[in-house]
Amino acid sequence: LTRLAALHFEDADLRDELHFRQGRLAESLIQVDQAVQHYTASKLQKAKLRLVHVLENLGSLEDAAQTAEAVYAQPDSPEEAFQAAVLLAELAFEHWDAKRADLWFARAKALVNDNLIRRLRWLHAKMRYAYHVGTLEQALSLAVAGESLALELVASHEALTFANTHALTLLRLQRFADAILEFERVRVDAMRLFAPGLYFGSSNNLMLTYTRVGAFDLAMAIVPEIERYVKSLDLPLNGDFELIVGLIHAYAGRGTEARNCFETIIKRLSPSGDFYFRASALHGLALACTLEGQFEEAEHHARAELEISKRATEPDWVLGQTVLAFAVARQGRLTEALGLSDEALAALPEDARFELPTEPVPWINAQLHHALGHDQQARAALERAHAILERTAAVLPETYRAPYLEAFRFNREIRAAINGRWSDLLTML
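Presented here is an overview of the structure given in this document. Predicted model only: the values in this text are computed from it and were never measured. (Residues numbered from 1 in each chain as written. Predicted model: local features only at pLDDT ≥ 70, side-chain atom pairs only at ≥ 80, totals over all residues. Heavy atoms only, no water.)

1. Topic: the overall build of the protein chain
- Of the regular secondary structure elements, the protein chain holds 23 helices and zero strands.
- Computed over its C-alpha atoms, the radius of gyration of the protein chain comes to 24 Å, within 12% of the 22 Å expected for a compact globule of 429 residues.
- Here the protein chain holds 429 residues, and 53% of them are scored as buried.
- Partitioning the contacts of the protein chain with sequence separation of at least 6, the portion at a separation of at least 24 is 60%.
- Entry remark: accessible area of the protein chain is about 19200 Å², with carbon and sulfur atoms responsible for 53%.
- Both charge centroids of the protein chain, one from 44 positive and one from 58 negative side chains, sit 1 Å from each other. (Helix = DSSP H or I, 4+ residues; strand = E, 2+ residues; numbered from the N terminus. Rg over C-alpha atoms; globule rule 2.2 N^0.38 Å. Buried < 20%, exposed > 50% of the residue type's maximum accessible area, 1.4 Å probe, protein only. Contact = heavy atoms within 4.5 Å. Areas by Shrake-Rupley, 256 points an atom, 1.4 Å probe, with all protein chains shown as cover. Lys, Arg positive; Asp, Glu negative; His and termini not counted. Charge placed at Lys NZ, Arg CZ, Asp CG, Glu CD.)

2. Regarding empty space enclosed by the protein
- Within this structure, the stated rule accounts for one cavity of 30 Å³ or more.
- What the largest cavity holds in volume is close to 70 Å³.
- If you trace the largest cavity, you find it lined by Tyr-251, His-283, Leu-287, Leu-319, Thr-322, Val-323, Pro-357, Pro-360, Met-428 and Leu-429.
- Those elements that place two or more of their residues in the lining of the largest cavity are helix H16 (275–291) and helix H18 (317–329).
- A breakdown of the residues in the lining of the largest cavity according to their chemical character gives eight nonpolar, two polar and no charged. (1 Å grid on protein atoms, 1.4 Å probe; cavity = no way out; pocket = protein on both sides within 12 Å on 5 of 7 lines; lining within 4 Å. Points joined across faces, edges and corners; volume = space filled by probe spheres on them. Nonpolar A, V, L, I, M, F, W, Y, C, P; charged D, E, K, R; others polar.)

3. Describing unusual backbone geometry
- The phi torsion at Gln-174 lies on the positive side, around 65°, for a residue other than glycine.
- Judged by relative accessible area, Gln-174 falls into the buried class, the value being 12%.
- Phi is positive for Phe-194, close to 50°, though the residue is something other than glycine.
- By the element assignment, Phe-194 lies in the loop between helix H11 (176–192) and helix H12 (196–212).

4. Notes on the nonpolar core
- If you look at the biggest cluster of nonpolar residues, it comprises 149 residues, and the most contacted ones within it are Met-207 and Tyr-251.
- With 11 residues, H16 is the largest single contributor of residues to this core.
- Contact partners of Met-207, with chain neighbours within four places excluded, come to Ala-219, Ile-222, Val-223, Ile-226, Phe-241, Ile-244 and Ile-248. (Core = buried A, V, L, I, M, F, W, Y, C linked by side-chain atoms within 4.5 Å.)

5. With respect to the layout of surface pockets
- Size it by volume and the second largest pocket reaches roughly 160 Å³.
- Around the second largest pocket, the lining residues are Leu-61, Glu-62, Ala-65, Gln-66, Glu-69, Leu-88, Leu-91, Ala-92, His-95, Asp-97 and Arg-100.
- Ranked by the residues each element gives to the lining of the second largest pocket, the list is headed by helix H5 (residues 61–73), at five residues.

6. A closer look at the environment of Glu-90
- The topology assignment puts Glu-90 in helix H6 (residues 78–94).
- Glu-90 sits in the buried class, given a relative accessible area of 11%.

7. Section: H6
- With 17 residues, H6 extends 24 Å between its outermost C-alpha atoms, agreeing within 8% with the 24 Å of an ideal straight helix rising 1.5 Å per residue.
- H6 sits mainly inside the fold: 14 of its 17 residues count as buried.
- Residue Trp-96 follows H6 closely and has a positive phi angle near 60°. (Expected span 1.5 Å × (residues − 1).)

8. Observations regarding the packing of H12 against helix H14 (residues 239–251)
- In contact at an axis separation of 10 Å, H12 and H14 are set at 15° when each is read in the N-to-C sense. It follows that H12 is roughly parallel to H14 by the angle criterion. The interaxial crossing formed by H12 with H14 has left-handed handedness. In this structure, H12 contributes Asn-204, Asn-205, Met-207, Leu-208 and Thr-211 to the contact, and H14 contributes Asp-240, Phe-241, Ile-244, Leu-247, Ile-248 and Tyr-251.
- When its residues are assigned to classes, the contact of H12 with H14 shows seven nonpolar, three polar and one charged. (Axes fitted to C-alpha atoms, helices over the stretch in contact; angles between N-to-C directions. Parallel < 35°, antiparallel > 145°, perpendicular 65-115°, else oblique. Left-handed = near helix turned anticlockwise from the far one by under 90°.)

9. Things to note about the pattern of salt bridges
- Considering all chains together, one arrives at 28 salt bridges under this definition.
- A salt bridge links Arg-118 to Glu-79; the shortest N-O distance between them is 2.7 Å. Within this pair, whereas Arg-118 is found in helix H8 (residues 116–133), its partner Glu-79 is found in helix H6, the two being separated by 39 residues in sequence.
- Given the relative accessible area of 11%, Arg-118 is considered buried.
- Classification of Glu-79 by relative accessible area gives partly exposed; the value is 28%.
- Put simply, Arg-175 and Asp-178 hold a salt bridge, and the shortest N to O gap is 3.3 Å. (Salt bridge = Lys/Arg side-chain N within 4 Å of Asp/Glu carboxyl O.)

In structure tokens, the structure reads:
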């Protein structure tokens, strides 16, 4: 390619095509700087679209959006306009700008027409968006439609991608047994089709599901499987895996191990990278600090998380604010903590369906009211915490019900408090 470029340097069209192909080669070899250089040098819009992907992966979201907008404004084909619109919708979502994301999804949909490949791409992007903003029934519907279309097009890997999000949506809908079965199916099919990314994704999500129901041993049993698979392919462990392992340790009460995971993740993150992932890592680090009794540091990390997560369109910032309220309370500032906790509890939907447990939100509030002598408010918050516990236990098969009730400290103490046995110490995990 380099020799061809030198031979045909005066031919502008060929030079642009060669830069595009050199960029693709550099990208496949993970030579990121060279890929950026070649894609930037090419005037072809298809090169600019690849540049958007590279910049997004580098965490340069503003530059990626500007590049995609330039392609959308002057595309070489309707296909490129469509791809640019989808990328702009995804980039808006990464900035948690729901209004802008909806605008670009609408523009992309208008360009789908009868093109089934475009429809598949649109369904996938829209499904991910619907899942993350919490419109779960829509996400489930899009996942089913996408998997069906992918199978019709004999696109097996794409079908598995939809199936994985389908399972993750089942988890959010608290259909835990269905989610576990679906993740297991995806893991088996991903191994059969040699789809490492989907194997990692479904394995991570299966660990998350086991964590949600308190089956920590089952979650940790998957860790060596993933590590062996990664080693066999000479691949690095991804951040999602490390994040979930950290969460397993945190919810199991292993503060030091959890801290090590989250600190490692945060050190590697680009300052302008994935905001959602950064917020998740900061949340985990704040949890780990509370387990180690480092409440000032926990407060710092929780506030840093909230600076990001309160801009989100989904309401799970209430989990971060609950950690903040707990950290503040353990430093003796009970009135301030109660204000934070009251705000979080008021924002918690009655049918909240998050990936992580929501029981601590009303439980911390109940303990704060109890500590301040507000018996009526304490009872109301306690009953709400107990209702979440009972509702979750009711949908679990017997295999998972006992671990769920016993593994989480907050569940044990909620059940004790509902019978009149309050702990003297404010607790969470």
